Amino acid sequence: MRWTLKPKPKQETVSSLQQALQVEPAIASLLVQRGIETFDQAKYFFRPSLSDLHDPYLMKDMDKAVQRIEKAISNSENILVYGDYDVDGTTAVSLMSSYLLSDYPNVATYIPDRYDEGYGVSFKGIDFASDNEFSLIIALDCGIKAIDKVAYAKEKNIDFIICDHHRPGDKIPDAVAVLDPKQDDCNYPFDELCGCGVGFKLIQALAAKKGQTIDDLMPYLDLVATAIGADIVPIIGENRILAYYGMLVINSRPRAGFQAIINQVKKDSLTITDVVFVIAPRINAAGRMKHGQYAVDLLTEKNVEVAEQYATEIEAFNLDRRATDKQITQEALQQIEDLKDQDRMTTVVYSANWHKGVIGIVASRLIETYYRPTLVFTKSGDKLAASARSVKGFDVYNALEACSEFIEQFGGHKYAAGLTLEEKNYEAFKQKFEEVVASTIDKRLLTPEIVIDTQIDLNAINEKFYRILRQFEPFGPGNMSPVFMSDNLKDTGYGKCVGEDKTHLRLTVKQEGTPQLVCIGFGLGNKLDVIKSQQPFKAAYSVDENHWQGNVSLQLKLQDIKA
């Protein structure tokens, strides 16, 4: 692991903020590192307010989108709410359809089949709309590159409203309205919304026309918070406000579908990390293993008993997904060894038999072993489809763009993308991707990095310190959980490897003149020698709570230790 200590902020700024807030120096330093330098900025950070959300009509084409939906309702047209099969897409479809259905009946939902139709707007989906007399499609979390699909729909007298957050191509689809804050000519003040977030801005605009307030839209924020966490968008600005209030909804009055999942996992309260690792994988499992419509059914169901049945089905998909991705990961790791690809700058693997629904997860798993930009391919119809994942600091989307001569189509973000290509181009693409990455990546990015906020002594860690840290939540990109470093630590002599396979490290540490603290280091069992015989060492860690047999105590969650 590569440790990077963030630069120390200006001492006079830290001292001034510390005095204004009456907090410890370490807390003030953390805030200044996050761009918070005044009392008012701290208030905005610690007390997010729905009144600080931007006017939705600042987004390009918002007025056109609202007018077209109002026209559809006044003319009793059939509206089809169409979205991607991942968490962002299914939550967005659930949000938009349930809002429209609250006072208008002619609304249906459509999630494309991951295997039959693939990502985004499909000709099959448009044919479905045409056959069933839908004259307006609202596409969520997809559509920004669907030039030919939107043109095809137009031939069938079907209008499109696109709500997307992916990077646009050179051309924009000829839709009635295109809502995407990443468009160059869109002056919306915040361009890091997820697809469900863009959908929320549309219902916010519709609500304003009806005389509804933001408080009327609170029940939809659990969906938005889940999408924000799952889609790994920065939790800053508007996303922080939406995630903060969405988590309040999840923990106080969640919709029946979320309640059913929470009942299964038996947790009293959830953080956004729990949403990412507990709720999101289950919602995703529907589209990965069966069909995304199962997720929409769960998230829009109002009857708790029916939601429980849906959640049980989805849990079965999730267990199936776990077994499948574990098997494929083992096969992919073996392929890397068989092809002697261990020393490349990239990982590119392929098998026609791999399950398309889990290749994105497998790509992430491979990065845990070989830390480098990774693509996992499988057969999809007469083409090959891949999921791409990247390492921190490297833009895999740009790298794919440089290989576009071999690609049929692709889309995505800096750290995650999808693509298709013809099988005959696989080897040429693999070589080109290796060349592009090798010539553009900073070699340091191929070593996992721990970014440390600040160095502290153990005596700074107490209940009050942790209570304030909790108020930094929700954590995520742009506002990560603080990581600290302490040196001259010693184990009290009882450090040991724990866990079923003894891969984790548990110890109690002390510094001279400080209280002892329990530490847990997941996956750090191989570092036992570093702490033996009370040798001094340094640790990078976050502060956490340990719940054991009804007792709650502070603990250090180790990320790495060094002699």
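One can find the structure itself at the top, above this paragraph.
Residues numbered from 1 in each chain as written. Predicted model: local features only at pLDDT ≥ 70, side-chain atom pairs only at ≥ 80, totals over all residues. Heavy atoms only, no water.

S.K.: Residues and numbers for the packing of helix α9 (residues 221-230) against helix α12 (residues 272-290), please.
M.R.: One way to put it is that α9 packs onto α12 with a least axis distance of 9 Å and a crossing angle of 95°. The pairing of α9 with α12 is recorded here as roughly perpendicular in orientation. Contact residues: Ala225, Thr226, Gly229 and Ala230 in α9; Ile272, Val275, Val276, Ile279, Ala280 and Ile283 in α12. Each residue belonging to the contact of α9 with α12 can be placed in one class, and the counts come to eight nonpolar, two polar and no charged. (Axes fitted to C-alpha atoms, helices over the stretch in contact; angles between N-to-C directions. Helix = DSSP H or I, 4+ residues; strand = E, 2+ residues; numbered from the N terminus. Parallel < 35°, antiparallel > 145°, perpendicular 65-115°, else oblique. Contact = heavy atoms within 4.5 Å. Nonpolar A, V, L, I, M, F, W, Y, C, P; charged D, E, K, R; others polar.)

S.K.: Which residues make up the sheet that holds strand β7 (residues 347-350), and what values do they have?
M.R.: In spatial order, the strands read β7-β8-β9-β11-β10; together these five strands make up an open sheet with mixed pairing. Lying at the two open borders of the sheet, with one neighbouring strand each, are β7 and β10 (409-412). Along the sheet, successive strands turn relative to each other by an average axial angle of 15°, direction set aside. Of the strand pairs in this sheet, strand β8 (residues 374-380) and strand β9 (residues 383-389) are connected by seven bridges, and their pairing is antiparallel. Bridged to Val376 within β9 is Ser387. Across the face of the sheet, helix α15 (residues 359-369) comes into contact with β7, β8 and β9 while running at roughly 45° to β9. Against the sheet, helix α17 (residues 426-440) touches β7, β8, β9 and β11 (416-421), its axis set at about 165° to β7. (Pairing = 2+ DSSP bridges.)

S.K.: Which residues make up the environment of Pro254, and what values go with them?
M.R.: For Pro254, the location among the structural elements is in the loop between α10 (237-252) and α11 (256-265). Residues Pro254 and Tyr220 lie 34 residues apart in sequence; the distance between their C-alpha atoms is 9.5 Å. Non-local contacts of Pro254, meaning those with residues more than four positions away in its chain, are made with Asp222, Val249, Gln259 and Ile262.

S.K.: Requested: an account of the pairing of strand β14 (residues 484-491), with residues and values cited.
M.R.: One ladder, built from two bridges, connects strand β13 (residues 454-455) with β14; its direction is parallel. Note on β14: the bridge partner recorded for Gln455 is Met485. Here β14 pairs with strand β18 (residues 537-548) via four bridges, running antiparallel. For Met485, the partnering residue across the bridge sits in β18 and is Ala540. The pairing of β14 with strand β16 (residues 504-510) spans two bridges and is antiparallel.

S.K.: Give me the packing of helix α6 (residues 123-131) against helix α7 (residues 147-155): which residues, what numbers.
M.R.: Packed helices, taken two at a time, are described by their axes: the angle between them and the distance between them. Packing of α6 against α7 brings their axes to within 10 Å, and their N-to-C directions diverge by 20°. What the angle tells us is that α6 and α7 run roughly parallel. Once α6 is placed against α7, the crossing between them reads as right-handed. Residues Phe123, Ile126 and Asp127 of α6 form the contact with α7, whose own contacting residues are Asp148, Lys149, Tyr152 and Ala153. Classifying every residue of the contact of α6 with α7 by side-chain character gives four nonpolar, no polar and three charged. (Left-handed = near helix turned anticlockwise from the far one by under 90°.)

S.K.: For the pattern of salt bridges, give the residues involved together with the corresponding values.
M.R.: If you walk through the whole model with that rule in mind, you get 32 salt bridges. A salt bridge links Lys209 to Glu70; the nearest nitrogen and oxygen atoms lie 3.6 Å apart. One end of the pair, Lys209, is in helix α8 (residues 195-210); the other, Glu70, is in helix α4 (residues 62-74), with 139 residues separating them in the sequence. Classification of Glu70 by relative accessible area gives partly exposed; the value is 33%. A salt bridge links Lys267 to Asp274; the shortest N-O distance between them is 3.0 Å. Overall, the relative accessible area of 14% leaves Asp274 in the buried class. Linked through salt bridges whose partners overlap, the residues forming this network are Arg2, Lys392 and Glu449. (Salt bridge = Lys/Arg side-chain N within 4 Å of Asp/Glu carboxyl O. Buried < 20%, exposed > 50% of the residue type's maximum accessible area, 1.4 Å probe, protein only.)

S.K.: Account for the nonpolar core, with residues named and values stated.
M.R.: Residues Leu100, Ile138, Ile161, Phe200 and Leu202 are the most contacted members of the largest nonpolar core, which totals 93 residues. Those residues within four positions of Ile161 in sequence are excluded, and the remaining contacts are Ala65, Arg68, Ile69, Leu136, Ile137, Ile138, Ala139, Ala177 and Leu202. With 41 residues, the next largest nonpolar core counts Val14, Val23, Phe475 and Val530 among its residues. (Core = buried A, V, L, I, M, F, W, Y, C linked by side-chain atoms within 4.5 Å.)

S.K.: Explain the packing of aromatic side chains to me, and be specific about the residues and the numbers.
M.R.: Taken as a whole and judged by the stated rule, the model has 17 aromatic pairs. Between Tyr244 and Tyr245 the ring centres are 5.1 Å apart and the planes differ by 75°, which places this aromatic pair in the edge-to-face class. In this structure Tyr244 comes out as partly exposed when scored by relative accessible area, which is 26%. On the basis of an interplanar angle of 85° and a centroid distance of 5.2 Å, the ring pair of Phe377 and Tyr426 is categorised as edge-to-face. Highlighted residues: Phe377 in strand β8 and Tyr426 in helix α17, separated in sequence by 49 residues. Overall, the relative accessible area of 7% leaves Tyr426 in the buried class. Three or more aromatic residues joined by ring pairs form one cluster here, namely Tyr350, Phe377, Tyr426, Phe429 and Phe433. Directly above the ring of Phe410 sits Lys145, whose terminal nitrogen or CZ lies 4.9 Å from the centroid. (Phe/Tyr/Trp six-rings, centres within 6.5 Å; stacked < 30°, edge-to-face > 60°. Lys NZ or Arg CZ within 6 Å of the ring centre and 35° of its normal.)

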